Amino acid sequence: WGERMGFARLATEHGATAEEYKTVRVLSGPAGAQGLTGVAFLQPTVVAFGHLNGLKAAIDAEAGRTSVVSDTALMRAVSDIESGGDAWLVSRTSAFPAQNELPDMVRRHLDGLEWVALSASVNETVRAQVRVEARDEKAAEDLRAVIGGAIASVRMFGGENAGIAEALKSIETAGRGRTVTLSFS
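None of these values were measured; they are calculated from a predicted model.

1. Topic: the overall build of the chain
Part 1 of the reasoning: Of the regular secondary structure elements, the chain holds six helices and nine strands.
Part 2 of the reasoning: When burial is assessed residue by residue, the chain has 28% of its 185 residues classed as buried.
Part 3 of the reasoning: A total accessible area of about 12000 Å² is found for the chain, and carbon and sulfur atoms account for 57% of it.

2. Observations regarding helix H5 (residues 137-158)
Side chains that are three or four residues apart share a direction in an α-helix, a result of its 3.6 residues per turn.
Part 1 of the reasoning: Under the 1.5 Å per step criterion, the end-to-end length of H5 is 31 Å for 22 residues, consistent within 8% with the ideal 32 Å.
Part 2 of the reasoning: Residues of H5 that are buried include every one of Ala 139, Ala 140, Leu 143, Ile 147, Ile 151 and Gly 158, and no others. All buried residues of H5 lie within an arc of 110° about the axis, which places them on one face of the element. Exposed residues pointing more than 90 degrees away from the buried face of H5 are listed as Glu 137, Lys 138, Ala 145, Met 156 and Phe 157.
Part 3 of the reasoning: Of the surrounding elements, those touching the buried residues of H5 are strand S6 (113-122), strand S7 (126-134), helix H6 (162-169), strand S8 (172-174) and strand S9 (179-184).
Part 4 of the reasoning: At the N-terminal end of H5, a side-chain oxygen is found 3.2 Å from the backbone nitrogen of Lys 138, two or three residues along, and the residue is Asp 136.

3. Details of the pairing of S9
Part 1 of the reasoning: Relative to S9, S7 is paired through six bridges, and the arrangement is antiparallel. When the sheet's bridge partners are listed, Ala 128 is paired in S9 with Phe 184.
Part 2 of the reasoning: Inspection of the sheet shows S8 paired to S9 by three bridges, in the antiparallel sense. Within the sheet, the bridge partner assigned to Thr 173 lies in S9 and is Leu 182.
Part 3 of the reasoning: The turn linking S8 back onto S9 is made up of four residues, and Gly 175 within it adopts a positive phi angle of 140°.

4. Here's the deal with unusual backbone geometry
Part 1 of the reasoning: For Lys 22, which is not glycine, the phi torsion reads 50° and is therefore positive.
Part 2 of the reasoning: Tracing the sequence through the fold places Lys 22 in the loop between strand S1 (17-21) and strand S2 (24-28).
Part 3 of the reasoning: Using a relative accessible area of 47% as the deciding quantity, one classes Lys 22 as partly exposed.
Part 4 of the reasoning: Phi at Thr 23 is positive, roughly 75°, even though this residue is not glycine.
Part 5 of the reasoning: For Thr 23, the position within the fold is in the loop between S1 and S2.

5. Digging into the sheet that holds strand S3 (residues 38-43)
Part 1 of the reasoning: Spatially, the four strands line up as an open sheet ordered S1-S2-S3-S4, and their pairing is antiparallel. Every other strand in the sheet has two partners, leaving S1 and strand S4 (46-50) as the edge strands with one partner each. This sheet shows a mean twist of 25° between the axes of neighbouring strands, independent of strand direction.
Part 2 of the reasoning: Inspection of the sheet shows S2 paired to S3 by three bridges, in the antiparallel sense. Note on S3: the bridge partner recorded for Ser 28 is Gly 38.

6. Re the side chain of Thr 181
Part 1 of the reasoning: Mapped onto the elements of the fold, Thr 181 is located in strand S9.
Part 2 of the reasoning: Beyond its immediate chain neighbours, meaning those up to four positions away, Thr 181 contacts Gln 129, Val 130, Arg 131, Glu 172, Thr 173 and Ala 174.

Reading guide: rules and limits
- Residues numbered from 1 in each chain as written.
- Predicted model: local features only at pLDDT ≥ 70, side-chain atom pairs only at ≥ 80, totals over all residues.
- Heavy atoms only, no water.
- Helix = DSSP H or I, 4+ residues; strand = E, 2+ residues; numbered from the N terminus.
- Buried < 20%, exposed > 50% of the residue type's maximum accessible area, 1.4 Å probe, protein only.
- Areas by Shrake-Rupley, 256 points an atom, 1.4 Å probe, with all protein chains shown as cover.
- Expected span 1.5 Å × (residues − 1).
- Arc of directions from axis to C-beta.
- Contact = heavy atoms within 4.5 Å.
- Polar contact = N/O pair within 3.5 Å; in protein donor to acceptor, adjacent residues only side chain to side chain.
- Pairing = 2+ DSSP bridges.
- Axes fitted to C-alpha atoms, helices over the stretch in contact; angles between N-to-C directions.

Structure (structure tokens):
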């Protein structure tokens, strides 16, 4: 499917490596590339991004008909976000690449999080939502406080800028228990 859209050709022209893994086209970054290491075109409307081992495991699961529906935590995160957008992504925070390269303060906050889900709806406007499930209620409460503080800081220091003031009006935060949600349009 990536071939049909020309992505594979374009990527290989810019240094990516293309390989077939069990009939699926997998593209990987140049040797030594940091961060996102691969893309697999699983179906006409399904593209997977991530480390090559994870991509190959997903392809193996499909080939063996092992289903993600047996992962109840993942399916709960997917069902919570999937109806809210045209595009969505769900990930365990432990799957984030290069966590060791993050500043200690950021890494400590990530340790308190379990799932991150993103969704976007695109019509005449773009509406996006970030939903986080924390490991416990204390971690969620701390994250809500950090988000509230960041929004308050932006209001205080950038509130005189009309563009920033308008953007701040579109931000909504919510959550209870282990869940934190940030929406904007």
